[in-house]
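# Descriptive structure summary
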Amino acid sequence: MKRVLLVGAGHAHAWLLSALAKEPVYGVRLTVVSPNARQIYSAMLPGVIAGHYKRAEAEFDVAMLAERAYAEFIPATVTAFDAEQRVATLSDGSKFTFDVASLNAGSTVANGVPGAREYAVPVKPFEDLIERVKRVGHIAIGGGGAAGTELAMALRHQGREVTVYSDRSIFPEELARRVERRLRRIGVDYRPGMRIDSIERGPLVIAGTARQEFDLVLWATGPAPLSWLASSGLRLDETGFVRVDRALRSVSHAYVFASGDCAALPEAKSGVHAVRHGMVLERNLRHVAAGTALEAYEPKPHALLIMSCGGRYAIAARGGWGAEGRLVWWWKNAIDRRWMRRLNATK
Ligand SMILES: Cc1cc2nc3c(=O)[nH]c(=O)nc-3n(C[C@H](O)[C@H](O)[C@H](O)COP(=O)(O)OP(=O)(O)OC[C@H]3O[C@@H](n4cnc5c(N)ncnc54)[C@H](O)[C@@H]3O)c2cc1C
């Protein structure tokens, strides 16, 4: 029987496990290693901060999901991964030997700016973030992408003063216009074209000649690879993410799959894409168990992006299409709640 190690309970593995709960896979022994028995769903995090959801409504029970899928759950992180020897080292020091591994462990936040590591709070892990934003008045956010701007609007909705520094826009033009208009309408101090050069004790943000002190600096400057990938022996792209073939297998070690943020794929790193990876991963795991040919993943360049805007108002975009308003928020709410029902189902 093949020993399959699932690293992380990201979107792809969450999909996979929920599918296996409905229709088990035979011939493999599954183990999930992920730090939190309950995990916050990223798309609902801004809603938790804005006060639309209780934290428990935005969490799924990883341990129970694993149990429903007939998988063993180990609450730990992988601290080292040796692809060649097929061994993962866990945070308690134990070693886990596998036949097949699947990495869906997400990413960390890029923090190359001087002082960011010491004086800014990264938006991940979410558990820490929720605690840190409590009871602070004036918050600076480094990074004006979807995560930075959604969090800015959620915090503003809670009455905080929020300043967003964004060196460049990563949004298509039409979406960028909608987001900027919304940020300004609800009173976020948005500073496009302004790069944070460094952060000093205070925390004091230095951007060009401007220096300003805040109660807290949040760091949301985009995904960076998990540190242990560098020594894994897996072939990585120039930014450090795992290079995969069309079946989402490592190009250097065919018995290691990678999906979601930790894989190097042409599409943007998002939960929506990661769930789609999970659908292919599910089919391919069944193929691995049955010894049949794997299926290819077809990337879709345009995924639906829906950003909540603090209040019960959201902006949607897909390719060149866009819409916004209260109805869009209810649409997002319905999608997110359906996903949580899928993951938290009791049978
Ligand atoms: C504030 C915010 C809001 C966002 N909103 C959206 C949105 O609305 N829509 C959207 O599509 N995307 C959104 N994103 C982006 C999205 O969260 C990521 O692209 C997505 O989570 C990536 O999913 P994943 O499956 O790769 O891994 P993740 O969902 O990030 O999960 C990673 C998993 O791996 C675990 N893990 C981490 N390190 C280890 C380790 N060493 N060993 C074992 N396990 C580990 C984690 O605990 C977690 O279980 C948002 C991001 C942020 C920061």
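Everything here concerns the structure above.
For every chain, the first residue of the written sequence is number 1, and numbering continues from 1 onward in sequence order. For a predicted model such as this one, the threshold for reporting local features is a pLDDT of at least 70, and the threshold for listing and counting side-chain atom pairs is 80 or more; totals across whole chains, interfaces and linings nevertheless cover every residue. Just so you know, side-chain values use all the structure's heavy atoms and leave hydrogens and water out.

Glancing now at the site of the ligand. Taken together, 33 residues are adjacent to the ligand, and His11, Gln39, Ser42, Val78 and Asp261 come closest. Within the backbone of Ala9, an N or O atom sits 3.1 Å from an oxygen atom of the ligand. Between Trp228 and the ligand, the recorded distance is 3.1 Å, taken from a side-chain N or O atom to a nitrogen atom. Surface accessibility in these figures is a Shrake-Rupley result with a 1.4 Å probe; residues are shielded only by whichever protein chains are displayed. Surface burial for the ligand is 88%, taken as the share of its 1,000 Å² of free accessible area covered by protein chains. Classifying every residue of the shell around the ligand gives 16 nonpolar, 12 polar and five charged. Throughout this document, a residue counts as near a molecule or strand when at least one of its heavy atoms sits within 4 Å of that molecule or strand. Distance and chemistry together define a polar contact, namely a pair of N or O atoms within 3.5 Å, with one atom able to donate a hydrogen and the other to accept it when in protein, and with adjacent residues in sequence counting only for side-chain atoms on both sides. Residue polarity follows a fixed list, in which Ala, Val, Leu, Ile, Met, Phe, Trp, Tyr, Cys and Pro are nonpolar, Asp, Glu, Lys and Arg are charged, and the others, Gly among them, are polar.

The next point concerns the sheet that holds strand E8 (residues 95-97). Here we have three strands laid out as an open sheet, ordered E6-E7-E8, and antiparallel in their pairing. Bordering the open sheet on either side are strand E6 (78-82) and E8, each of which pairs with just one other strand. This sheet shows a mean twist of 20° between the axes of neighbouring strands, independent of strand direction. By this definition, two strands are paired if DSSP reports at least two bridges between them. Think of it this way: any DSSP run of H or I at least four residues long counts as a helix, any run of E at least two long counts as a strand, and we number them from the N terminus. In this sheet, E8 lies alongside strand E7 (residues 87-90) in antiparallel orientation, the contact comprising three bridges. When the sheet's bridge partners are listed, Val87 is paired in E8 with Thr97. Axis lines are fitted to C-alpha atoms, over the contacting stretch for helices. Their N-to-C directions set the angle, which ranges from 0 to 180 degrees.

Attention now goes to the packing of helix H6 (residues 146-157) against helix H7 (residues 173-185). Following both chains from N to C, one finds H6 and H7 inclined at 25°, their axes separated by 10 Å at the closest point. One element, H6, and the other, H7, form an angle in the roughly parallel class. Every pair of crossing elements has a handedness; the one defined by H6 and H7 is left-handed. Between H6 and H7, the residues in contact are Thr149, Ala152 and Met153 and Val179, Arg182 and Leu183, respectively. Of the residues that constitute the contact of H6 with H7, the class distribution is four nonpolar, one polar and one charged. Note on angle classes: values under 35 degrees are labelled roughly parallel, values over 145 roughly antiparallel, values of 65 to 115 roughly perpendicular, and the remainder oblique. For a crossing to be left-handed, the near helix must be turned anticlockwise from the far one by less than a right angle; the clockwise case is right-handed. Any pair of residues with heavy atoms lying within 4.5 Å of one another is described as a contacting pair.

So, about the nonpolar core. Counting 90 residues, the largest nonpolar core has Leu30, Ile141, Leu218 and Trp219 as its most contacted members. Here the element with the most residues in this core is helix H1 (residues 11-22); it accounts for seven residues. Structurally, this core is a two-domain feature, drawing no fewer than three residues from each of domain 1 (2-35 + 76-107 + 225-301) and domain 2 (116-222). If near-sequence neighbours (up to four positions away) are discounted, Ile141 is found in contact with Gly148, Leu151, Ala152, Leu155, Val162, Thr163, Val164, Tyr165, Leu218 and Ala220. Grouped together as the second largest cluster of nonpolar side chains are 29 residues, Leu90, Leu234, Val244 and Leu248 included. Nonpolar core, defined: a set of buried Ala, Val, Leu, Ile, Met, Phe, Trp, Tyr and Cys residues in which side-chain atoms within 4.5 Å join the residues together. Between buried and exposed lies partly exposed: a residue is buried under 20% and exposed over 50% of the maximum accessible area for its type, with that area taken using a 1.4 Å probe on protein chains only. Source of the domain bounds: an automatic or database domain assignment.

Okay, H7 next. In this model H7 runs 18 Å from its N-terminal to its C-terminal C-alpha over 13 residues, within 8% of the 18 Å that 1.5 Å per residue would give. Residues of H7 that are buried: Leu175, Ala176, Arg178, Val179, Arg182 and Leu183. Within H7, the buried residues cover an arc of 165° as seen down the axis, which keeps them to one side. H7 presents Glu173 and Arg185 as exposed residues on the side facing more than 90 degrees away from its buried surface. Those residues of H7 that are buried lie in contact with H6, strand E14 (189-192), strand E23 (305-308), strand E24 (314-318) and strand E25 (321-325). Backbone geometry just after H7 places Gly187 at a positive phi near 90°. To estimate how far a helix should reach, multiply one less than its number of residues by 1.5 Å. As used here, the arc is the angular range of directions from the helix axis to the C-beta atoms.

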